[in-house]
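# Structural characterization, general
Letter by letter, the chains look like this.
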Amino acid sequence: MFQIDLVERCKKNDRTAQMKLYNQFCDGMFCVAMRFLKNEDDACDVVQESFIKAFQKLEQYRAEVSFGAWLKK
């Protein structure tokens, strides 16, 4: 399944698609968070909060950049 298809399904509140998208990007997000925070527990919290915020604001994603770039922003 293509990333944009997953994002569109996520916009419709498809929990399976949300989990797939999360699984695709959680490791990368964790690495970024660890670079800044240097603490695994804090990094995990930041990743979770980031995904919650991203799913809440998913309607703003326009596919002008990759989803990963949008998520990290």
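Above this text you will find the structure in question.
Here we summarise the structure given alongside this text. Everything numeric in this text was worked out from a predicted model, so none of it was measured.

### A short note on helix α1 (residues 3-11)
- Turning to α1, its buried residues number three or more, namely Leu6, Val7 and Cys10. Down the axis, α1 shows its buried residues gathered within 100 degrees of arc, on one side only.
- Backbone geometry just after α1 places Asn13 at a positive phi near 70 degrees.

### Quick look at the nonpolar core
- Membership of the largest hydrophobic core comes to 19 residues, with the highest contact counts inside it found for Leu21, Phe51, Leu58, Phe67 and Leu71.
- Mapped onto this core, the elements with two or more residues apiece are α1, α2 (15-37), α3 (40-56) and α4 (67-72).

### Some details on the packing of α2 against α3
- Direction vectors running N to C along α2 and α3 enclose 135 degrees, while the axes themselves pass 8 Å from each other. Taken together, the axes of α2 and α3 are oblique relative to one another. The element α2 and its partner α3 pack so that their crossing is right-handed. Two secondary-structure elements touch here, α2 through Gln18, Leu21, Tyr22, Phe25, Cys26, Met29, Phe30, Ala33, Met34 and Leu37 and α3 through Glu40, Asp42, Ala43, Cys44, Val46, Val47, Gln48, Ser50, Phe51 and Phe55.
- Of the residues assigned to the contact of α2 with α3, the class counts are 15 nonpolar, three polar and two charged.

### Considerations on α2
- Along its 23 residues, α2 runs just 29 Å from first to last C-alpha, ending more than 12% under the 33 Å computed at 1.5 Å per residue.
- In this structure, the buried side of α2 is in contact with α1, α3 and α4.
- Measuring from the side-chain oxygen of the N-cap residue of α2 to the backbone nitrogen of Thr16 gives 2.9 Å; that N-cap residue is Asp14.
- In the stretch just after α2, Lys38 is the one whose phi turns positive, near 60 degrees.

### Topic: the packing of aromatic side chains
- Evaluated as defined, the whole model comprises six aromatic pairs.
- Aromatic side chains Tyr61 and Phe67 sit 5.5 Å apart centroid to centroid with 85 degrees between the ring planes, which places their arrangement in the edge-to-face category. Across this residue pair, the class does not change: Tyr61 and Phe67 are buried.
- An aromatic cluster is present here, built from Phe25, Tyr61, Phe67 and Trp70 joined pairwise through their rings.

### Observations concerning the pattern of salt bridges
- Following the criterion strictly, the structure yields two salt bridges and no others.
- Linking Lys11 and Glu8 is a salt bridge whose minimum nitrogen-to-oxygen distance equals 3.5 Å. Taken together, the residues span about one helical turn, with Lys11 and Glu8 both in helix α1 at a distance of three residues.
- By relative accessible area, which is 36% here, Glu8 ends up partly exposed.
- Between Arg9 and Asp14 there is a salt bridge, and its shortest N-O distance comes to 3.0 Å.

Each value, and the rule that gives it
Residues numbered from 1 in each chain as written. Predicted model: local features only at pLDDT ≥ 70, side-chain atom pairs only at ≥ 80, totals over all residues. Heavy atoms only, no water. Buried < 20%, exposed > 50% of the residue type's maximum accessible area, 1.4 Å probe, protein only. Helix = DSSP H or I, 4+ residues; strand = E, 2+ residues; numbered from the N terminus. Arc of directions from axis to C-beta. Core = buried A, V, L, I, M, F, W, Y, C linked by side-chain atoms within 4.5 Å. Axes fitted to C-alpha atoms, helices over the stretch in contact; angles between N-to-C directions. Parallel < 35°, antiparallel > 145°, perpendicular 65-115°, else oblique. Left-handed = near helix turned anticlockwise from the far one by under 90°. Contact = heavy atoms within 4.5 Å. Nonpolar A, V, L, I, M, F, W, Y, C, P; charged D, E, K, R; others polar. Expected span 1.5 Å × (residues − 1). Polar contact = N/O pair within 3.5 Å; in protein donor to acceptor, adjacent residues only side chain to side chain. Phe/Tyr/Trp six-rings, centres within 6.5 Å; stacked < 30°, edge-to-face > 60°. Salt bridge = Lys/Arg side-chain N within 4 Å of Asp/Glu carboxyl O.

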